[in-house]
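Each chain, written out:
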Amino acid sequence: MADAVIEHRVLTDKLGVDLDPELLSVALTHRSFAYENGGIPHNERLEFLGDSILGQAVTVHLFVSHPDLEEGALAKRRASVVSTVALAEVARGIGLGDHLRLGRGEDQTGGRDKDSILADTMEAVIGATYLSAGPDAATALVLRLVAPLMADPDRYGAAMDPKTSLQELAARLGLSAPVYAVTAEGPDHNRVFTATVAVGTTSGSGVGSSKKHAEMAAALTLWRTLSARA
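Residues numbered from 1 in each chain as written. Predicted model: local features only at pLDDT ≥ 70, side-chain atom pairs only at ≥ 80, totals over all residues. Heavy atoms only, no water.

## A short note on the environment of Gly16
Residue placement: Gly16 occurs in the loop between helix 1 (2-15) and helix 2 (21-27). Gly16 gets classed as exposed once you look at its relative accessible area, which sits at 55%. (Helix = DSSP H or I, 4+ residues; strand = E, 2+ residues; numbered from the N terminus. Buried < 20%, exposed > 50% of the residue type's maximum accessible area, 1.4 Å probe, protein only.)

So this is what it looks like as structure tokens:
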């Protein structure tokens, strides 16, 4: 119990908000862990709540901050900020994967770094914040977490469509087209895909629950590397 309290404190310090310990535990509990431990509560209900709070906070912020943008442009920016890829990036930034409560099988097949699990848990944490600290604290948390994404317009396209963004960036830099390679491991019902993408002598990798998601994660990793160099 003491170790759990310390781990929770590490996470809440990164989040900058105090959360009810029981709610936070539920937010970090994946259904695979719940099923292996007698059907205890897991985070899908909190994820449902957090998804709504996330969408509203980002929508209002974009609407107020960009009075010159049309509805279509606002919708595109919102979709990219709340996408699975973008939320997984945010989750990795605070080390959320280290705090997940996963079933043995999910843990052994790379669940702590799966985009879908990280993004869903991030939404559950937002939901737990709403219930623990109220709507203002939840909105403030959302805006802190996604501020880097909203501050860099180029990353909107990258988060939404990393493969196209990488291809366009490579062309602008006069480099060869991206080349992908994908491997898979694990049982058929719980496959984990690892993708590697190379542009010239530079490469990036990513993990996902499907070939598509793994390639997207790898493309976004390499896009960040090449963008920093550019």
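After that view, the rundown keeps rolling.
## With respect to a nonpolar patch on the surface
On the surface, a nonpolar cluster with roughly 320 Å² of combined accessible area is contributed by Val60, Phe63 and Val64. Topologically, Val64 is positioned in helix 4 (residues 44-65). The class of Val64 is exposed, set by a relative accessible area of 59%. (Patch = residues over 30% accessible without salt bridge, like charges linked within 9 Å, V, L, I, M, F, W, Y side chains within 5 Å. Areas by Shrake-Rupley, 256 points an atom, 1.4 Å probe, with all protein chains shown as cover. Salt bridge = Lys/Arg side-chain N within 4 Å of Asp/Glu carboxyl O.)

## Overview of the side chain of Glu123
Relative to the helices and strands, Glu123 is located in helix 8 (residues 115-133). Here Glu123 sits buried without a salt bridge, and the closest side chain of opposite charge, Arg31, lies 11 Å off (N-O distance). Setting aside its immediate chain neighbours within four residues, Glu123 contacts Leu46, Glu47, Gly50, Asp51, Leu54 and Leu87. (Lys, Arg positive; Asp, Glu negative; His and termini not counted. Contact = heavy atoms within 4.5 Å.)

## What to know about the packing of helix 6 (residues 84-93) against helix 8
Where helix 6 contacts helix 8, the axes come no closer than 8 Å and their chain directions differ by 75°. Relative to helix 8, the element helix 6 lies roughly perpendicular. When helix 6 is examined against helix 8, the residues Thr84, Val85, Leu87, Ala88, Val90, Ala91 and Arg92 are found in contact with a partner set consisting of Asp115, Ser116, Leu118, Ala119, Met122 and Glu123. (Axes fitted to C-alpha atoms, helices over the stretch in contact; angles between N-to-C directions. Parallel < 35°, antiparallel > 145°, perpendicular 65-115°, else oblique.)

## A few points about the confidence of the model for the chain
Confidence in the prediction of the chain, expressed as mean pLDDT, is 90, and 95% of residues score 70 or more. For the chain, per-element mean pLDDT is lowest for helix 10 (residues 154-160), which scores 68, and highest for helix 4, which scores 96. (pLDDT = per-residue confidence, 0-100.)

## Notes on the sheet that holds strand 3 (residues 202-208)
The 3 strands lie next to each other as 1-2-3, forming an open sheet whose pairing is antiparallel. Every interior strand has two partners, whereas the edge strands, strand 1 (179-185) and strand 3, have only one. Averaged over all adjacent pairs, the angle separating strand axes in this sheet is 15°, with direction ignored. The sheet contact formed by strand 1 and strand 2 (residues 192-199) spans 7 bridges and is antiparallel. The residue bridging Val179 from the neighbouring strand is Ala198, located in strand 2. Along the sheet, helix 12 (residues 211-229) makes contact with strand 1, strand 2 and strand 3, crossing strand 3 at roughly 145°. (Pairing = 2+ DSSP bridges.)

## A short note on the pattern of salt bridges
Tallied over the full model, the rule gives 10 salt bridges. Residues Lys114 and Glu106 are paired through a salt bridge, measuring 2.5 Å at the closest nitrogen-oxygen approach. One salt bridge in this structure joins Asp107 and Arg112, with 3.0 Å as the shortest N-O distance. On the basis of relative accessible area, Asp107 is assigned to the partly exposed category, the value being 35%. Among the ionic contacts, a cluster of salt bridges with common partners joins Arg9, Asp13 and Asp18.

## As for the pairing of strand 3
The element strand 3 is extensively covered by neighbouring structure, given that 5 of its 7 residues are classed as buried. Between the antiparallel neighbours strand 2 and strand 3 lie 2 residues, among them Gly200 with a positive phi of about 65°.

## Focus on the environment of Ser83
Within the secondary structure, Ser83 sits in the loop between helix 5 (71-81) and helix 6. You can call Ser83 buried: its relative accessible area is 13%. Considered as a pair, Ser83 and Ile94 are 11 residues apart in the sequence and their alpha carbons are 17 Å apart. If we skip the residues at most four places from it in the chain, Ser83 touches Ala159 and Met160. Polar side-chain contacts of Ser83 include one of 3.0 Å to the backbone oxygen of Ser80. (Polar contact = N/O pair within 3.5 Å; in protein donor to acceptor, adjacent residues only side chain to side chain.)

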